[in-house]
Amino acid sequence: MFVELSATSNFTFLTGASHPEELMAQVAVFGQEALAIADLNSVAGIVRAHVAARDTRRKTGAAPRLIPAALIRLTDGFEATALPRDRAGWGRLCRLISAGRLRAPKGECHLGFDDLLAWCEGVTLLLHPPEETAPHGWMTRARQLACRPGEDTALLMAPRYDGGDAARFARLAALARDAGIPTVASGRPLMHAASRRRLADVLTAIRTGVRVDDLGRAALTHAEQRLRTEAGMLRLFAGHEAAVHRSGEIAGQLIFSLDALRYEYPAEVAAGEAPAARLARLTWEGLKWRYPMGVPDRVRGMAEHELALIARLKYEPYFLTVRDVVAFARDRGILCQGRGSAANSVVCYALGVTSVSPEVGTMVFERFVSEARDEPPDIDVDFEHERREEVIQHIYEKYGRHRAGLCATVIHYRGKRAAREVGRAMGLSEDTLSAMSSQIWGWGGGGITPERLREIGLDPTDRRLAQALDLMAEIQGFPRHLSQHVGGFIMTEGRLDELVPVENATMEGRTVIPWDKDDIDALGILKVDVLALGMLTCIRKAFDLVAKHHKTPLTLATLPPEDRRVYDMLSAADSIGVFQVESRAQMNFLPRMKPKCFYDLVIQVAIIRPGPIQGDMVHPFIRRRNGLEAVSFPSDALGAVLGKTLGVPLFQEQAMQIAIIGAGFSPDEADRLRRSLATFKKHGNVSDFRERFMAGMAANSYDADFAARCFSQIEGFGSYGFPESHAASFALLVYASAWLKRHHPGIFACALLNSQPMGFYAPAQIVRDARAHGVEVLPVCVNASLWDNRMENRPGGALALRLGFRQIRGVGGEEGEWIAAARGNGYRAVDDVWRRAGVAPATLVKLAEADAFAALGLSRRDALWAARAVAGPKPLPLFAGDLDGEGIVEPAVTFAAMSEGEEVVEDYAALRLTLRRHPMALLRGRLTPGAGTVPTPPGHLAQGERAGSGAPRGPAVT
């Protein structure tokens, strides 16, 4: 039978016009036995085709098989479709693509003919002929490839549908005879069906940066470049039927399947100690550290059970990898915290991966690491966002770049991007595109109704606009390019670049693979998520400041637990800057929740999420918690699952257990439901399970309204799922940040400012909140500030927060550090900073605008005048002074004093905050009838006082 051996999917970005799944489905309709998807110097999309074929086979018992392939294009234009025949051939193809990708910038591949010769063993090559006559060099290369001992090479013939195919096929057949190779037929399809022709042209227009109207010869002249039946190919290749049938013969020799990939996780053998023995030893040592007064019997039993299950599944190396990464971070003083399903286990608690005791949660270990489902464990580790790169580079150094790489993330066309890029290609004006984009909300976007188009002044019956809207809808979900995953690392025992190609990321020093997390899950490849979290940076810096100024070493595990004052503060919604509960929605909910213990924080973190909100679970929980509604359970079986949450499902794990216990889902069905709930899943199919879920709940006599609300919650998890295991880890950071804010508000504010950008609140709000908590905040001073904000000892032993140079707009870290390092006993004048620190004159202007010279007795205007006089890298000779120390002396200039309002405006312009009165305090007299002049509150600067004059400063008026 005919088999298409060189199809292009939309993972040849902005070229192919069909998803890999669509190509496989169309081949199944044709009844063909196989399909080779060969994207340009890439294998990014083949896992999706493989999974589509596998799923179809499970449902129907038969499906075409995917033939993994790649279209190799050399830098001089020579092209060949590469078809690996076996696992070894696949490894060489991956090495070939890796070689070209690693020597080129992201998105490019630089390969020469020598590379092709070096890595083509075990790979069948279909040579793409030159456009017209074969140059001498092409024929020489074809003969070299044809002479490979034991290897297959053929010349690929494809129609152009221009009326000259018969003559072209005759020429190509003669060319193949001269080269000593057979011919094979291909349609070179770009799409699965003719209906995608318009979209193919739009993709070409986006790729080339022109309008569809201006594509010219780059546009498709017809819709013939699509998948074809065997009968259709025989008609096209009349007289060359052998080339059509040869495709099936070649396909029969290609036995390699992605199912043959056997992922080998690093063995993690250390000093000759086997992984199982090493994991057990580290676990028991860790438990002695966690429980110095003796390990409780319950915890000991949980540890033995978990270790036995891990041993049966042979996952010891995975846990050891995570432990070693965390140990490296701790040795470097990098704060980190594990989370995820398997992270909330006794083993991970003992290994130091997480500081949350597994006794806090309600889920058993089998729900995370399942022997029945044989699914890999899931552990995410958050590191300080400023130092995560150290951890990433350590992983590369430990395993080698040939054994470690980050996952990819596929950037899809959605919402506003689809509207803008398709609209530009279709020639819509920028005003029209802006108006349309304004009607697209959220990530997915969705369509724009004709009524909304009329409301914004557009005519939905306009032919071009209607076409553009249709194409915008059609391109939804198309891959646009590959980006790197936020931190998913793949590590292998053997060569990673023989499992999948490796390529450069945009960021220097990073290498990635072209498969995303769904692809590696489908192939059973484990990953370790090395993520960044700004609050960990803040907490570590706060711990350092507490140790420095109070001589009290703190860690996440040694914080005083269950502090009543911390919960009282949170119950009053005093949570500006506190991790996860600083949003307006969380601050609104805190007084109603009134957390009293750590598990209340676990619920607080998880409840303000799309899942519980969409499922209308929030209000029933609050009513039950406040005693306004009786706590009841749909059944005793579900009561065991919903007990800690008062009978209301709030966590992702609970939703899964409801599906199993309440709706009768099998473990496999529940697993597929869970996968459809993947966090930030952009093409999930959770709604496909609704009918099955509702029927199962009804069969087990559960209330239809309860079942509908449960499934609505599950659908909410499709947008953002939050498991109990993640919530528990985050709750620890909530408690830690809240404890620091309650007991050390100045240190917490200082650490927050030094960790920016992060969180909901700007520096002005953080400073205002700190002053409201009694923290004295001192201005930026050229003779007292460092680059970072710092805590400064004041008379009487109190600590004040001194703002650092980092708060000044336009001043860089290197300049700030030079200013601090060069001042010695202090600067005496503006140009003194210039001479001694060597900073640019523009930096002096920034310092003056920020009123940083106030301690020298200079007003903002005086300092700015002096800074403007410094105009070059060296002083002018006449102004530098002669041998007697005399030079030209400028006459003194007297400036009018700035009003308080002017000072406030300049503070915000230079520092994005002010230590003077709140801007609204200056207007309150005008806004309140009969109020008259507003007096200066105690502790505030009176009008005309300078920021650096040493006047006390109290909390801002709000």
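Here, the structure is the one placed above.
Calculation criteria
- The numbers attached to residues start from 1 for each chain and follow its sequence in the written order.
- The predicted nature of this model means local features are confined to residues of pLDDT at least 70 and side-chain atom pairs, given and counted, to a pLDDT of 80 or more, with totals for whole chains, interfaces and linings taken over all residues.
- To get the side-chain values, all heavy atoms of the structure are used, and hydrogens and water are removed first.
- Helix and strand definitions here come from DSSP, where helices need a minimum of 4 consecutive H or I residues and strands a minimum of 2 consecutive E residues; each element is numbered from the N-terminal end.
- By the convention used here, residues are in contact when the closest approach between their heavy atoms is within 4.5 Å.
- Note on areas: these come from Shrake-Rupley sampling with a 1.4 Å probe, and a residue is covered only by the protein chains present in the view.
- For the purposes of this section, nonpolar cores are sets of buried Ala, Val, Leu, Ile, Met, Phe, Trp, Tyr and Cys residues that join through side-chain atoms within 4.5 Å.
- Throughout, exposure labels follow a simple rule: accessible area from a 1.4 Å probe, protein chains only, divided by the maximum for the residue type, with under 20% read as buried, over 50% as exposed, and the rest as partly exposed.
- Definitions used throughout: a 1 Å grid over protein atoms alone; a cavity as a set of points that fits a 1.4 Å probe which cannot get out; a pocket as an open set with protein on both sides within 12 Å along at least five of seven lines; a lining residue as one with an atom within 4 Å of a point.
- Grid points are joined across faces, edges and corners, and a volume is the space filled by probe spheres set on the points.
- In this classification, the charged set is Asp, Glu, Lys and Arg, the nonpolar set is Ala, Val, Leu, Ile, Met, Phe, Trp, Tyr, Cys and Pro, and all remaining amino acids, among them Gly, are polar.
- Between 30 and 60 degrees the pair is tilted, below 30 it is stacked and above 60 it is edge-to-face, where a pair is any two Phe, Tyr or Trp rings, Trp via its six-membered ring, whose centres lie within 6.5 Å.
- Geometrically, a charge over a ring is one whose NZ (Lys) or CZ (Arg) sits within 6 Å of the ring centre while staying within 35 degrees of the ring normal.
- We call two strands paired when DSSP finds no fewer than two bridges between them.
- As a rule, the C-alpha atoms of each element are fitted with a line to give its axis, helices using only the stretch in contact, and angles between N-to-C directions run from 0 to 180 degrees.
- Expected helix span is computed as 1.5 Å times (number of residues minus one).
- A 3.5 Å cut-off defines polar contacts: any pair of N or O atoms within that distance qualifies, except that in protein one atom must be a possible hydrogen donor and the other a possible acceptor, and neighbouring residues in sequence count only when both atoms are side-chain atoms.
- Each angle receives one of four descriptions, namely roughly parallel if under 35 degrees, roughly antiparallel if over 145, roughly perpendicular if within 65 to 115, and oblique otherwise.
- Throughout, a crossing is termed right-handed when the near helix is turned clockwise from the far one, and left-handed when it is turned anticlockwise from it by less than a right angle.
- We call a crossover right-handed when, viewed with the strands running away from us, the connection from the first strand over the helix to the second turns clockwise.
- We treat Lys and Arg as the positive residues and Asp and Glu as the negative residues; His and chain ends play no part in the count.
- Note on definitions: salt bridges are taken to be side-chain nitrogens of Lys or Arg within 4 Å of carboxyl oxygens of Asp or Glu.

Undergrad: Looking at this structure, I do not really get the overall build of the protein. What am I missing?
TA: Within the protein, the regular secondary structure consists of 40 helices and 18 strands. Considering only residue pairs separated by 6 or more positions, the protein has 72% of its internal contacts joining residues 24 or more positions apart. About 40100 Å² of surface is accessible on the protein, with carbon and sulfur atoms providing 53% of the total.

Undergrad: Sorry if this is basic, but what is going on with the environment of Leu 117 here?
TA: Tracing the chain through its elements places Leu 117 in helix α4 (residues 113–118). Separated by 24 residues in the primary sequence, Leu 117 and Arg 141 place their C-alpha atoms 9.6 Å from one another. With residues near it in sequence (within four places) discarded, Leu 117 still touches Gln 144 and Leu 145.

Undergrad: Would you take a moment to explain the nonpolar core for this structure?
TA: Most often, soluble globular proteins have nonpolar side chains that are buried together. Core analysis: the largest hydrophobic core is formed by 119 residues, its most contacted members being Ile 539, Leu 570, Phe 693, Ile 819, Val 833, Leu 844 and Leu 847. It is helix α31 (residues 724–743) that contributes the most residues to this core, twelve residues altogether. Ignoring anything within four residues of it in the chain, the contact list for Leu 844 reads Val 830, Val 833, Trp 834, Val 839, Phe 853, Ala 867 and Val 870. Within the second largest apolar cluster, 105 residues are counted, among which are Ala 53, Met 139, Met 233 and Phe 256.

Undergrad: Help me understand the layout of surface pockets, please; the structure alone is not making it clear to me.
TA: To find leftover empty space, one rolls a probe the size of a water molecule over the atoms. Approximately 1200 Å³ is the volume attributed to the second largest pocket. Every residue lining the second largest pocket is counted, 40 residues in all, and those nearest its centre are Glu 79, Glu 131, Arg 160, Arg 188 and Gln 225. Of all elements in the fold, only β4 (70–73), α5 (136–146), β7 (153–157) and α6 (165–179) reach the threshold of two or more residues within the lining of the second largest pocket. Classifying every residue of the lining of the second largest pocket by side-chain character gives 18 nonpolar, ten polar and twelve charged.

Undergrad: Could you clarify how one ought to interpret the packing of aromatic side chains in this entry?
TA: Aromatic rings in a pair are described by how distant their centres are and how their planes are angled relative to each other. Scanning all chains against the criterion turns up 13 aromatic pairs. In this structure an aromatic cluster arises from ring pairing among Phe 78, Phe 113 and Trp 138. One cation-aromatic arrangement involves Arg 290 over Tyr 349; the distance from NZ or CZ to the ring centre is 4.3 Å. Lying across the ring of Tyr 599, Lys 644 places its NZ or CZ 4.5 Å from the centre.

Undergrad: What should I look at first to understand the sheet that holds strand β3 (residues 65–68) in this one?
TA: In a beta sheet, neighbouring strands are held together by backbone hydrogen bonds and run either parallel or antiparallel to one another. If you trace the three strands from one edge of the open sheet to the other, you get β1-β2-β3, paired in parallel fashion. Since the sheet does not close on itself, it has two edges, and those belong to β1 (4–7) and β3, each with one partner. Strand-to-strand twist in this sheet, taken as the mean axis angle between neighbours without regard to direction, amounts to 30°. Sheet topology note: the strand β2 (residues 34–37)/β3 ladder contains four bridges and is parallel. Looking across to β3, one finds that Ala 36 is bridged to Ile 67. In the packing of helix α1 (residues 20–30) onto the sheet, the strands contacted are β2 and β3, and the crossing angle to β2 comes to about 155°. Together, β2 and β3 form the strand contacts of helix α2 (residues 46–60), whose direction differs from that of β3 by roughly 160°.

Undergrad: Hey, could you run me through helix α3 (residues 87–102) in this one?
TA: Each α-helix winds once per 3.6 residues, and so residues spaced three or four apart point in a common direction. Spanning 16 residues, α3 covers 22 Å between terminal C-alpha atoms, matching the ideal 22 Å at 1.5 Å per step. Turning to α3, its buried residues are Gly 89, Trp 90, Gly 91, Leu 93, Cys 94, Arg 95, Leu 96, Ile 97, Ser 98, Gly 100 and Arg 101. Capping of α3 at its N-terminal end is provided by Asp 86; its side-chain oxygen lies 3.3 Å from the backbone amide nitrogen of Ala 88.

Undergrad: Explanation requested: the packing of helix α15 (residues 415–425) against helix α18 (residues 463–475) in the structure shown.
TA: When two helices pack together, their arrangement is given by the angle between the helix axes and by the axis-to-axis distance. At their nearest, the axes of α15 and α18 sit 9 Å apart, and the two run at 130° to each other. Regarding the angle of α15 to α18, the classification is oblique. Remark: the crossing between α15 and α18 carries right-handed chirality. Counted together, Ala 418, Ala 419, Val 422 and Gly 423 of α15 and Ala 468, Leu 471, Met 472 and Ile 475 of α18 form the full contact between these two elements. Residue composition of the contact of α15 with α18, grouped by class: seven nonpolar, one polar and no charged.

Undergrad: What is the right way to look at the pairing of β7 in this model?
TA: Two faces belong to every sheet, and in a regular strand the side chains alternate between them. Where burial is concerned, most of β7 is hidden: five out of the five residues are buried. Where burial is concerned, the two faces of β7 agree: the one with Thr 153, Leu 155 and Met 157 and the one with Ala 154 and Leu 156 are both buried. Crossover β7 to strand β8 (residues 183–185) through α6 is right-handed.

Undergrad: Would you take a moment to explain the side chain of Asp 39 for this structure?
TA: With respect to the secondary-structure elements, Asp 39 resides in the loop between β2 and α2. The charged side chain of Asp 39 is buried without a salt bridge, its nearest counter-charge being Arg 101 at 9.4 Å. A distance of 2.8 Å separates polar atoms of two side chains, one belonging to Asp 39 and the other to Ser 9. At a separation of 2.8 Å, a polar atom in the side chain of Asp 39 contacts the side chain of Thr 12.

Undergrad: Looking at this structure, I do not really get the pattern of salt bridges. What am I missing?
TA: Pairs may arise between side chains of opposite charge once their charged atoms sit close together. Summed over all chains, the structure comprises 60 salt bridges. Here Arg 916 makes a salt bridge to Asp 907, at a shortest N to O gap of 2.4 Å. Under the relative-accessibility criterion, Arg 916 is labelled buried at 3%. For Asp 907, a relative accessible area of 4% gives the class buried. What you see here is one network of salt bridges that share partners, running through Glu 776, Arg 790, Glu 792, Arg 794 and Arg 802.

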